[in-house]
Structures are given as structure tokens and as C-alpha cells.
Amino acid sequence: LSTGKNLYDLVNQSDKNSLAINSESSIRHIFIVDENGEIFDSTDKQDIEKHFAKAFPDVAKSISTGDLRGDVGQIGDTPFRKLHFSITTSPEGDETGVQKSAKRDIYIVLSMKRLQQVKESAERDRFIAFAFLGLLLIVTIAIFTKRITRPITELGQVAEKVAEGNLDFSAPVSGPKEMRTLS
């Protein structure tokens, strides 16, 4: 905004890195409202200079600054929450040339339905990752267990043959250093 651009100029650009505000995005609307309740800037050009509370009564309902836990509203069949905070802008010159600060309220309307979809997708991805890691851990344990227990089993069979009095064989020498020394 400091470069003279409005919000509606910054969103939904063809650039893939620009902020998309549409029916598929988590952020549905951003309003900047002046001290008089007039919409100073918006992600929709048609909103500018409308009276905020009259044009968007569902969004303008009381909510304390910075509060995202307020009541869930409805726009059509889509639940939403709003985030509200206030800022004071640097001095601006008015038509008389007098420098003065301006207080602005910023409202960000968030789609709870889309946020829920994003949350569920992340939970699903996390579940798949943990399942894959769990399977990988089981396979790794199985391989290392077999690598350690096979030489011990073979030495047990050799010990049984010696106990039977059969000394006409050689003990297999395999496995880790300790197992080779033992055989």
C-alpha cells in the first residue's frame, strides 16, 4: 500500500505468487475501514467508500481487536470468522496540506469451511507420513533382528550336535565380530 497500490490491485493477479482471494481461498475478503466507518480499501474495488457496517453487517458485528475466537458468522451457507485489528497510519496530507495520522481498522474474513479442508488435508498427509515411517521402522527392526538372531540360532544347532557327540562338522562363521569369535 505504501507504493500507492490498492488491495484489489494486489490480489488475484496472474502471478502465481500473488494472494488469491476467491471461493477456494482461506481468506475471503480484506477490508480497511477508516475512522468514519467508510471502507478505505478492499480486495473488491466495488466496496470502496461504502459504509462498512451497512454494506457488511454480518462481518461488522462486534468483535474485539485481534479476536479470532468470536462467533462464527454465515455468508450464504459458508461459515466464516473475522480477524480485526487497528493500526494508525503515518501522517498524511489532507486537502489543506495539514499532516495528520489516520486510524484504520483492518478486517480479514476467513472461510472456516476452507480452513477445515486445509486442516483435514494436513491431518491426512501427516497420517500417511507416520504410517510410512512406522512401516519403515518395522522393516528395519525385522532386518536387524534377523541379522542378530540367525547366527545365534545356528550356534544353538551346533551346540545340540556337540551334545549328541557329533564332532564331524564345522561351525558356520558369520554375523557380527562377537558371533564369529563365539563360533
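This text goes with the structure placed above it.
I will try to describe carefully the structure that is included in this document.

Definitions and limits used
Residues numbered from 1 in each chain as written. Predicted model: local features only at pLDDT ≥ 70, side-chain atom pairs only at ≥ 80, totals over all residues. Heavy atoms only, no water. Helix = DSSP H or I, 4+ residues; strand = E, 2+ residues; numbered from the N terminus. Buried < 20%, exposed > 50% of the residue type's maximum accessible area, 1.4 Å probe, protein only. Contact = heavy atoms within 4.5 Å. Salt bridge = Lys/Arg side-chain N within 4 Å of Asp/Glu carboxyl O. Expected span 1.5 Å × (residues − 1). Bend = angle between axes of the 7 residues up to and from the residue. Pairing = 2+ DSSP bridges. Phe/Tyr/Trp six-rings, centres within 6.5 Å; stacked < 30°, edge-to-face > 60°. Lys NZ or Arg CZ within 6 Å of the ring centre and 35° of its normal. Lys, Arg positive; Asp, Glu negative; His and termini not counted. Patch = residues over 30% accessible without salt bridge, like charges linked within 9 Å, V, L, I, M, F, W, Y side chains within 5 Å. Areas by Shrake-Rupley, 256 points an atom, 1.4 Å probe, with all protein chains shown as cover.

1. Quick word on the overall build of the chain
Then step 1. If you tally the helices and strands in the chain, you get 5 helices and 5 strands.
Then step 2. From first element to last, N terminus to C terminus, the chain shows the α and β order α-β-β-α-α-β-β-β-α-α.
Then step 3. Within the chain, the fraction of its 183 residues that count as buried is 23%.
Then step 4. A fraction of 40% describes how many contacts in the chain between residues 6 or more apart in sequence connect residues 24 or more apart.

2. So, the pattern of salt bridges
Then step 1. The final tally for this structure, using the stated rule, is 3 salt bridges.
Then step 2. Notably, a salt bridge pairs aspartate 105 with lysine 103, separated by 3.3 Å at the nearest N-O pair.
Then step 3. In this structure lysine 103 comes out as partly exposed when scored by relative accessible area, which is 38%.
Then step 4. The closest approach of N and O atoms between lysine 119 and glutamate 123, which form a salt bridge, is 3.8 Å. Here the residue lysine 119 and the residue glutamate 123 both occupy positions in helix 4 (residues 112-163), the gap between them amounting to 4 residues, near one helical turn.
Then step 5. Judged by relative accessible area, which is 44%, lysine 119 ranks as partly exposed.

3. Quick notes on helix 4
Residues that lie three or four places apart on an α-helix share one face, since the helix turns once every 3.6 residues.
Then step 1. Helix length check: helix 4, at 52 residues, gives a terminal C-alpha distance of 74 Å against a target of 76 Å (1.5 Å per residue), a fit within 8%.
Then step 2. At threonine 149, helix 4 is bent by approximately 25°, the largest bend along its length, and proline proline 151 sits one to four residues beyond.
Then step 3. Among all positions in helix 4, only Pro151, Leu155 and Val158 are buried.
Then step 4. With its phi angle positive at about 95°, glycine 165 sits one or two positions after the end of helix 4.

4. Some remarks on the pairing of strand 2 (residues 39-42)
Then step 1. Relative to strand 2, strand 1 (residues 27-33) runs antiparallel, the two being bridged by 3 bridges. Within strand 2, the position partnered with phenylalanine 31 by the bridge is serine 42.

5. Things to note about the environment of serine 23
Then step 1. Structurally, serine 23 can be placed in the loop between helix 1 (7-10) and strand 1.
Then step 2. Each C-alpha atom, one on serine 23 and one on arginine 114, is 8.7 Å from the other, the two residues being 91 residues apart in sequence.

6. Looking at the packing of aromatic side chains
Then step 1. Throughout the structure, instances matching the rule amount to 2 aromatic pairs.
Then step 2. Of the aromatic side chains, those joined through ring pairs into one cluster are Phe31, Phe52 and Tyr107.
Then step 3. One Lys or Arg, arginine 104, reaches over the ring of phenylalanine 40 and ends 3.7 Å from the middle of that ring.

7. Some words on the pairing of strand 1
Then step 1. Most of strand 1 is tucked away, with 5 of its 7 residues classed as buried.
Then step 2. Where strand 1 hands over to strand 2, the hairpin turn is made up of 5 residues, of which glycine 37 adopts a positive phi near 85°.

8. Let's talk about the side chain of aspartate 34
Then step 1. Residue position: aspartate 34 is located in the loop between strand 1 and strand 2.
Then step 2. No salt bridge forms around the buried aspartate 34; measuring N to O, its nearest opposite-charge neighbour arginine 104 is 5.0 Å away.
Then step 3. Non-local contacts of aspartate 34, meaning those with residues more than four positions away in its chain, are made with Phe40, Lys103 and Arg104.

9. Comments concerning a nonpolar patch on the surface
Then step 1. A surface patch of nonpolar side chains, about 450 Å² in accessible area, is lined by Phe130, Phe132, Leu133 and Leu136.
Then step 2. Relative to the elements of secondary structure, leucine 136 occurs in helix 4.
Then step 3. Look at leucine 136 and you get partly exposed, because its relative accessible area is 44%.

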